[in-house]
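# Summary of the model geometry
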Amino acid sequence: MSSRFKIALVVLALGAGCNPKKKPVAEITQPAITILERVQARPSPSPLQARFQIKVRSKPLGLGGTTGGGIQVVRPGRARLEVFGPFGGSLASLTADGERFAAYMSREQRHLLAPDAEALIREATRGAIGLDGAIGLLVGDVPFEAGELQETAVLQDEGRVRASYLGPDQVRVDLALDPEQLTPVGFEARDRDGEPLILVTYEGWHAFGETLLPQRVEVTVPAVSLFVSLRYHTWQQPDQLMTYDTRAPAGLQSEPLVEILRLSLAALRAEEDEAAP
């Protein structure tokens, strides 16, 4: 073993034994409900667009990997997300036109369509959020217009504020807020049995006019075995709007997205049951 390598090991060992000082937590002086209302009142600019790095996993959809992409959002209810291939060009396109939702995978030449995007999102989250609420999550909005606020609390030791909602079908939503930046930290929605429906976390924020937009968003939707991590490079207002066309490209037939998902999930669960001891 070389002396240089030994020195490196000693340095690593010493570093592992040192506990870095935690950043002191600022005292929260405002009531939790006031902080919640201020977070909900944050400006939500539209339209917006950004480039990002995306990491995605979804076995039922046959998705997996890390690459670049872009997103454009026009509220309410319209969004288009493009996933780029390693050599440029669109690898996949996800489009919501306010009513319908479509996923087009150019490599496989498949077009999956959900005619009722609102119902699709409501079913996946047991009514916790709808289409525009899901789009809002990508830009740091706090949805839950259908939820009833149950309680708010100041978590002084964590430097956070928590707000808990009860939504349709006894869905519970716990929201964590940053009282200094007045931004969401993350939230989770669980069904009446405590099973997770959707989990979202935020990390870092870009200043954009009078508001803050997220640097990184991670979304997990267990019902469709989906994990998405978006790390945004920049946010800006677009010079030109994209087309929000959810029709299949010429020569292709649309497949029913909801039915494809259900069949794929059933097959995946059957495989898991067979592999279980």
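Keep in mind that what you see is a predicted model, and the values were worked out from it rather than measured. (Residues numbered from 1 in each chain as written. Predicted model: local features only at pLDDT ≥ 70, side-chain atom pairs only at ≥ 80, totals over all residues. Heavy atoms only, no water.)

## A word on the overall build of the protein chain
Each helix and strand counted, the protein chain has five helices and 14 strands in total. Contacts in the protein chain between residues far apart in sequence, at least 24 positions, make up 48% of those at least 6 positions apart. When the accessible area of the protein chain is evaluated, it comes to approximately 15,700 Å², of which 53% is carbon and sulfur surface. (Helix = DSSP H or I, 4+ residues; strand = E, 2+ residues; numbered from the N terminus. Contact = heavy atoms within 4.5 Å. Areas by Shrake-Rupley, 256 points an atom, 1.4 Å probe, with all protein chains shown as cover.)

## A look at the packing of aromatic side chains
A complete count under the given rule lists three aromatic pairs for this structure. Of the aromatic side chains, those joined through ring pairs into one cluster are Phe52, Tyr232 and Trp235. A cation sits over an aromatic face here: Arg78 above Tyr244, 5.2 Å from the ring centre. (Phe/Tyr/Trp six-rings, centres within 6.5 Å; stacked < 30°, edge-to-face > 60°. Lys NZ or Arg CZ within 6 Å of the ring centre and 35° of its normal.)

## Side note on the confidence of the model for the protein chain
Per-residue confidence for the protein chain averages 82 on the pLDDT scale, and 83% of its residues sit at or above 70. The element-level mean pLDDT for the protein chain is lowest in helix H1 (residues 3-17), coming to 34, with strand S6 (residues 110-114) highest at 93. This stretch, residues 1-22, has a pLDDT under 50; its non-local contacts, to residues over four places away or in other chains, come to two contacts. (pLDDT = per-residue confidence, 0-100.)

## Points about the side chain of His111
Within the secondary structure layout, His111 lies in strand S6. A polar side-chain atom of His111 sits 3.1 Å from the main-chain carbonyl oxygen of Thr246. (Polar contact = N/O pair within 3.5 Å; in protein donor to acceptor, adjacent residues only side chain to side chain.)

## Quick look at helix H3 (residues 117-124)
Within an α-helix, residues lying three or four positions from one another point in the same direction, as the helix has 3.6 residues per turn. When we look at burial in H3, the residues that qualify are Ala117, Leu120 and Ala124. Taken around the axis of H3, the buried residues stretch over an arc of 60°, which confines them to a single face. Looking one or two residues beyond H3, the residue adopting positive phi is Arg126, at roughly 55°. (Buried < 20%, exposed > 50% of the residue type's maximum accessible area, 1.4 Å probe, protein only. Arc of directions from axis to C-beta.)

## Topic: the nonpolar core
A general trend in soluble globular proteins is that nonpolar side chains are found buried together. Ile71, Ile198, Tyr232 and Trp235 are the most contacted members of the largest nonpolar core, which has 61 residues in total. Apart from the residues within four sequence positions on either side, Ile71 is in contact with Leu48, Gln49, Ala50, Phe52, Arg80, Leu81, Leu138, Tyr232 and Trp235. (Core = buried A, V, L, I, M, F, W, Y, C linked by side-chain atoms within 4.5 Å.)

## What about the environment of Leu112?
Along the chain, the position of Leu112 falls in strand S6. For Leu112, a relative accessible area of 1% puts it in the buried group.

## Comments concerning the pattern of salt bridges
Counted under the stated rule, the structure contains 11 salt bridges. Through salt bridges that share partners, Glu151, Arg162, Arg172 and Asp174 make up one connected network. (Salt bridge = Lys/Arg side-chain N within 4 Å of Asp/Glu carboxyl O.)

## A short note on the environment of Arg126
Among the structural elements, Arg126 can be located in the loop between H3 and helix H4 (131-137). In this structure, the C-alpha to C-alpha distance between Arg126 and Asp169, residues 43 residues apart in sequence, is 6.8 Å. Sequence-distant contacts of Arg126, that is, excluding residues within four places in its chain, are made with Pro168, Asp169, Val171 and Leu197.

## Some details on the pairing of strand S11 (residues 196-208)
Sheet topology note: the strand S10 (residues 183-190)/S11 ladder contains five bridges and is antiparallel. Bridging across to S11, Gly186 finds its partner in Thr201. From the end of S10 to the start of S11, which pair antiparallel, there are five residues, and Gly194 there has a positive phi angle of about 85°. Bridge count for S11 against strand S12 (residues 211-221) is nine bridges, and the pairing is antiparallel. When the sheet's bridge partners are listed, Phe208 is paired in S12 with Thr211. Turn length for the S11-S12 hairpin, with the two strands adjacent in sequence and antiparallel, is two residues, and the turn residue Gly209 shows positive phi of about 60°. (Pairing = 2+ DSSP bridges.)

## Some words on the side chain of Thr183
Relative to the assigned elements, Thr183 resides in strand S10. Setting aside chain neighbours within four positions, we find Thr183 in contact with Val39, Arg42, Leu177, Asp178, Trp205 and Leu212.

## Looking at the environment of Pro45
Along the polypeptide, Pro45 turns up in the loop between helix H2 (32-40) and strand S1 (48-58). Separated by 28 residues in sequence, Pro45 and Val73 place their C-alpha atoms 9.6 Å apart. Pro45 has contacts with Phe208 and Thr211, leaving out every residue within four places of it along the chain.

## Description of H2
Among the residues making up H2, those that are buried are Ala32, Ile35, Leu36 and Val39. Burial along H2 is one-sided: seen end-on, the buried residues are contained in an arc of 100°. Elements that come into contact with the buried residues of H2 comprise strand S7 (148-155), strand S8 (160-166), strand S9 (172-178) and S10.

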